[in-house]
Amino acid sequence: MKVILVCKSVSHGNTQRVAETMNEVLGGRVLAPADIDPAELADCDLVGFGSGIYTMDFHPQLRDFIAALPTGHRGKAFIFRTSGFPEPPFRRYVTTLTRSIEQKGFEVIDAFDCRGLDTVLPLRLVGGIRKGHPDAADLTAARVFAEKLRAATTAAP
């Protein structure tokens, strides 16, 4: 199974840790958007797209990478993210990214959310929130999520 995880992790490495944990199960490669030739995604069985959440959205480099992908029939995809807060009902950024990915021909089969240390202002003034996250339980959840993805992808006809 050919797998690539497109990961933009900036502030504390939270999303990178989650991507690497998932990749231990999936056995692919974890790459930043700037390090991938979009043509590499054409023959992937599974592609993960993930970043931390910045001002209630995925990182602009990840969004720009997806927007620049050519349209065509592609394999399965999933989304992963880390953030100090859950997705708010008034800003459905996962739905927006899902639509963008699906417009490029992928079938988005699932999404993973993980709390992570968040030090955006004004939270930085108090040392941030979600200190210690992702923790061992979060990474175990990421591993279980990846096992389900692998089973769903390899069981598909």
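Please read these numbers as outputs of a predicted model, since none were measured by experiment.

Draft legend 1. Representation of the overall build of the chain in the model. Each helix and strand in the chain was counted, giving four helices and five strands. For 157 residues, the compact-globule estimate of 2.2 N^0.38 gives 15 Å, and the C-alpha radius of gyration of the chain, at 15 Å, lies within 12% of that figure. By residue count, 45% of the 157 residues in the chain fall in the buried class. Counted over contacts in the chain with a minimum sequence separation of 6, partners at least 24 positions apart contribute 75%. Summed over all atoms, the accessible surface of the chain reaches about 7,800 Å², with 54% contributed by carbon and sulfur. For the chain, the distance from the average site of its 19 positive side-chain charges to the average site of its 18 negative ones is 4 Å.

Draft legend 2. Inspection of the packing of helix H1 (residues 14–26) against helix H4 (residues 136–155) at higher detail. Here H1 crosses H4 at 40 degrees, and the two axes come no closer than 8 Å. On the basis of the axis angle, H1 is oblique to H4. Both H1 and H4 take part in a crossing whose hand is right-handed. Contacts between H1 and H4 involve Arg-17, Val-18, Thr-21, Met-22, Glu-24, Val-25 and Leu-26 from the former and Leu-139, Ala-142, Arg-143, Phe-145, Ala-146, Glu-147, Leu-149 and Arg-150 from the latter. In terms of residue class, the contact of H1 with H4 is built from nine nonpolar, one polar and five charged.

Draft legend 3. Representation of the packing of aromatic side chains in the model. Evaluated as defined, the whole model comprises five aromatic pairs. Aromatic pair Phe-78 and Phe-145: ring centres 5.8 Å apart, planes at 65 degrees, arrangement edge-to-face. One end of the pair, Phe-78, is in strand E4 (residues 76–83); the other, Phe-145, is in helix H4, and 67 residues separate them in sequence. This pair shows no difference in class: Phe-78 is buried, exactly as Phe-145 is. Seen in terms of ring centroids, Phe-112 and Phe-145 are 5.2 Å apart; in terms of plane orientation they differ by 40 degrees. Their pairing is tilted. With Phe-112 in strand E5 (residues 107–115) and Phe-145 in helix H4, this residue pair connects regions lying 33 residues apart in the sequence. Per residue, the accessibility class of Phe-112 equals that of Phe-145, and both read buried.

The rules behind the values
Residues numbered from 1 in each chain as written. Predicted model: local features only at pLDDT ≥ 70, side-chain atom pairs only at ≥ 80, totals over all residues. Heavy atoms only, no water. Helix = DSSP H or I, 4+ residues; strand = E, 2+ residues; numbered from the N terminus. Rg over C-alpha atoms; globule rule 2.2 N^0.38 Å. Buried < 20%, exposed > 50% of the residue type's maximum accessible area, 1.4 Å probe, protein only. Contact = heavy atoms within 4.5 Å. Areas by Shrake-Rupley, 256 points an atom, 1.4 Å probe, with all protein chains shown as cover. Lys, Arg positive; Asp, Glu negative; His and termini not counted. Charge placed at Lys NZ, Arg CZ, Asp CG, Glu CD. Axes fitted to C-alpha atoms, helices over the stretch in contact; angles between N-to-C directions. Parallel < 35°, antiparallel > 145°, perpendicular 65-115°, else oblique. Left-handed = near helix turned anticlockwise from the far one by under 90°. Nonpolar A, V, L, I, M, F, W, Y, C, P; charged D, E, K, R; others polar. Phe/Tyr/Trp six-rings, centres within 6.5 Å; stacked < 30°, edge-to-face > 60°.

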